[in-house]
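Remarks on the overall topology
Read off the chains here:
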Amino acid sequence: MRSLLIGLFACAAPWVGASSACAQLDVSLSDPGALTVGDRAEIVARVSGAGAHPVMLTPSAEGTALEVVRGRLLRADARDPDASELELRIPIVARSAGTSVLRVRVAGYACEARCRLVEATTSLVVRVRPAAAGPEKGRAKQARSSSLGWVRLPGAESCLGAAALARAVEARLQRSVFVSAAEAGLSVEGRAERTEGGWRAVLLVEGHDGESLGERTLESAAESCDELGEMVVTVVALTIDPLTAPEEEAPREVVRTVEVPVEVPVEVPVEVPVEVPVEGPRWRVEIDASGVGALGLTPEPTIGGLTAVVLEPPGFVPLVLEGALLPFSRAAAGGRHADFLHAHAGLQICPLSLRDAGRALHGCLGADAGAVFVLGGDANVTERERITGFGHAALRGHWDVIGPLTVRLGLHLMVPFRHDAFVADGAEFYRPEPVAGFFDLGVGLHFE
């Protein structure tokens, strides 16, 4: 969220020199290698020049040989959304033998004197060969895919998990290999367990017809399970590759693809204000209840309660709706006394808004409408109800503790629009201070 806010602010404020922070888009596609009918693969799109702004990548396929599984990818789908070069993986399926053209369009922002929507396009020719027939078809399926079953027994929870193991093996083999057990040509089942001397892993390998191909036991005496995890990754990768490699007399056909050079980006000027980003950020709503300690709003320092609703619309600064009640502060003069109650409610806008890793700081300005009531006492106060207003400045800190629970701390400065004295028996009884303040500490719930 922080990088998105920074990017939108840069594009919305050309007076801060945004031209240096925004660059032209550039996109390139990786070669998926040789594909056979039925193969599932990923084509890597590398996008540079996007800065910190929102990015949307739209792939499409021309021809029946190729099917694009996912029709839109956003910046959040990149392997590292904060990287200077974004790596987005486009899932594809080889549907039939023939040739298709994969076309990719990337949309983002570029900022100079003002912000513009920019696009970059590229394309890639992909050829799909027919599926093998007879025994060769079985070997081809076996070579393309495997299944992995991996569990950690009690005591081995710190060992490599199933998802992490699969990613590490595919990274070692530099290709996608794991599918469901029903589609796999090779099945690898394993478990990790704690032993008296360290750690143990047991691996069982079966063919696509259920035939047992062997069992392997690995042990490590290291303090942590990391060493065993590295051993398991290596053994699983070596188990899959030798069994699925094509025979020497039938070398794998190499299908060459042609990458079309990146076309010149088409720039279309777009007037600011910036609309809702393509990544579709969501509203954040926070409801707080706090205890208040106030000075200057009533005759004596007092405590009370405060309720606030914080709204953070997409692409805009936070708004705060707030109400406070400060009861029973006593004023005394000339041997007489009276009890005062203060209440106010108002709206604030927070131009200073910083949020990172569940913590936020808001600097807000606004106005409040309120009233002061004289509830009791023996002083003959002539004005027992007074409507008043305030200018309001606040600095609030928010910390998302766990789940939707938030802890909040605030410092407030208030300037009354009227501070003429209350009169009792023809003499000044109590005069409000020209400047007042209070602090609040409480908890709340947030929703996104």
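Below is a summary of the structure that appears in this document. (Residues numbered from 1 in each chain as written. Predicted model: local features only at pLDDT ≥ 70, side-chain atom pairs only at ≥ 80, totals over all residues. Heavy atoms only, no water.)

**What about the sheet that holds strand S17 (residues 302-312)?**
The strand order S16-S17-S18-S19-S20-S21-S22-S25 describes a closed barrel built from eight strands, whose pairing is antiparallel. Going across the sheet, the axis of each strand differs from the next one's by a mean of 25°, ignoring polarity. As paired elements, strand S19 (residues 336-356) and strand S20 (residues 359-377) share 17 bridges and run antiparallel to each other. Considered in S20, the bridge of Leu-352 is made with Gly-363. (Pairing = 2+ DSSP bridges. Helix = DSSP H or I, 4+ residues; strand = E, 2+ residues; numbered from the N terminus. Axes fitted to C-alpha atoms, helices over the stretch in contact; angles between N-to-C directions.)

**A look at the state of the cysteines**
This structure, assessed with the given rule, holds two disulfides. Sulfur-sulfur distance for the disulfide between Cys-159 and Cys-225 comes to 1.9 Å. Judged by the sign of its S-S torsion, about 95°, the bond between Cys-159 and Cys-225 is right-handed. Of this pair, Cys-159 sits in the loop between strand S10 (147-152) and helix H3 (162-173) while Cys-225 sits in the loop between strand S13 (212-220) and helix H4 (226-244); the two residues are 66 residues apart in sequence, bridging distant segments of the chain. The pair Cys-159 / Cys-225 is uniform in exposure class, with both members buried. Covalently, Cys-350 is tied to Cys-364 through a disulfide, its sulfur atoms 2.0 Å apart. Here the S-S torsion is close to 90°, and the disulfide linking Cys-350 with Cys-364 is therefore right-handed. One end of the pair, Cys-350, is in strand S19; the other, Cys-364, is in strand S20, with 14 residues separating them in the sequence. (Disulfide = S-S within 2.5 Å. Buried < 20%, exposed > 50% of the residue type's maximum accessible area, 1.4 Å probe, protein only.)

**Quick word on the pairing of strand S7 (residues 85-94)**
Extensive coverage of S7 is indicated by the burial of seven of its 10 residues. With nine bridges connecting them, strand S3 (residues 40-48) and S7 associate as antiparallel partners. Within S7, the position partnered with Val-47 by the bridge is Leu-86.

**Examining the packing of aromatic side chains**
Applying the stated criterion across every chain, the model contains three aromatic pairs. Measuring from centroid to centroid gives 5.3 Å for Phe-340 and Phe-422, while their planes differ by 75°, and the two rings are edge-to-face. Placement of Phe-340 in strand S19 and of Phe-422 in strand S23 (residues 422-424) is noted, with a sequence separation of 82 residues between them. Each member of the pair, Phe-340 as well as Phe-422, carries the same accessibility label: buried. The interplanar angle of 65° and the centroid separation of 5.2 Å between the aromatic rings of Phe-340 and Tyr-430 together place this pair among those described as edge-to-face. Taken as a pair, Phe-340 in strand S19 and Tyr-430 in strand S24 (residues 427-430) lie far apart in primary sequence, 90 residues in all. Taken as a pair, Phe-340 and Tyr-430 share a single burial class, namely buried. Against the face of Phe-422 rests Arg-386, its NZ or CZ located 3.9 Å from the ring centre. (Phe/Tyr/Trp six-rings, centres within 6.5 Å; stacked < 30°, edge-to-face > 60°. Lys NZ or Arg CZ within 6 Å of the ring centre and 35° of its normal.)

**Side note on H3**
Because an α-helix completes one turn every 3.6 residues, residues spaced three or four positions apart along the sequence face the same direction. The terminal C-alpha atoms of H3, which comprises 12 residues, lie 17 Å apart, in line with the 16 Å expected from a rise of 1.5 Å per residue. Buried within H3 are the following residues: Leu-165, Ala-166, Val-169 and Leu-173. Viewed end-on, H3 has its buried residues packed into an arc of 100°, placing them on one side of the element. Pointing more than 90 degrees away from the buried face of H3 are the exposed residues Arg-167 and Ala-171. The positive-phi residue at the C-terminal boundary of H3 is Gln-174, with phi of around 60°. (Expected span 1.5 Å × (residues − 1). Arc of directions from axis to C-beta.)

**As for the side chain of Thr-36**
As for its position among the elements, Thr-36 is in strand S2 (residues 35-36). A polar contact is formed between the side chain of Thr-36 and the side chain of Arg-129, at a distance of 2.8 Å. (Polar contact = N/O pair within 3.5 Å; in protein donor to acceptor, adjacent residues only side chain to side chain.)

**Topic: unusual backbone geometry**
Look at Ala-357: it is not a glycine, yet its phi comes out positive at around 55°. Take Ala-357: it is sitting in the loop between S19 and S20. With a phi angle near 55°, Asp-425 is a residue other than glycine that sits in the positive phi range. With respect to the helices and strands, Asp-425 occurs in the loop between S23 and S24.

**Let's talk about the side chain of Ser-147**
Residue placement: Ser-147 occurs in strand S10. Setting aside residues up to four positions removed in sequence, Ser-147 forms contacts with Phe-178, Val-179, Ser-180, Ala-181, Ala-184, Leu-186, Ser-187 and Val-188. (Contact = heavy atoms within 4.5 Å.)

**Remarks on the nonpolar core**
Side chains of a nonpolar character, in soluble globular proteins, are inclined to be buried together. If you look at the biggest cluster of nonpolar residues, it comprises 30 residues, and the most contacted ones within it are Leu-29, Leu-35, Val-47, Leu-57, Ile-90, Val-104 and Val-106. For this core, the elements supplying multiple residues, two or more each, are strand S1 (26-29), S3, strand S5 (66-68), S7, strand S8 (98-111) and strand S9 (115-129). When sequence neighbours within four positions are dropped, the list of residues in contact with Val-106 reads Leu-25, Val-27, Val-47, Val-55, Met-56, Leu-57, Val-118, Glu-119 and Ala-120. Formed by 25 residues, the second largest nonpolar core is a distinct cluster that contains Leu-165, Leu-173, Val-205 and Ile-240. (Core = buried A, V, L, I, M, F, W, Y, C linked by side-chain atoms within 4.5 Å.)

Bear in mind that shape data such as this cannot, by itself, settle questions of function.
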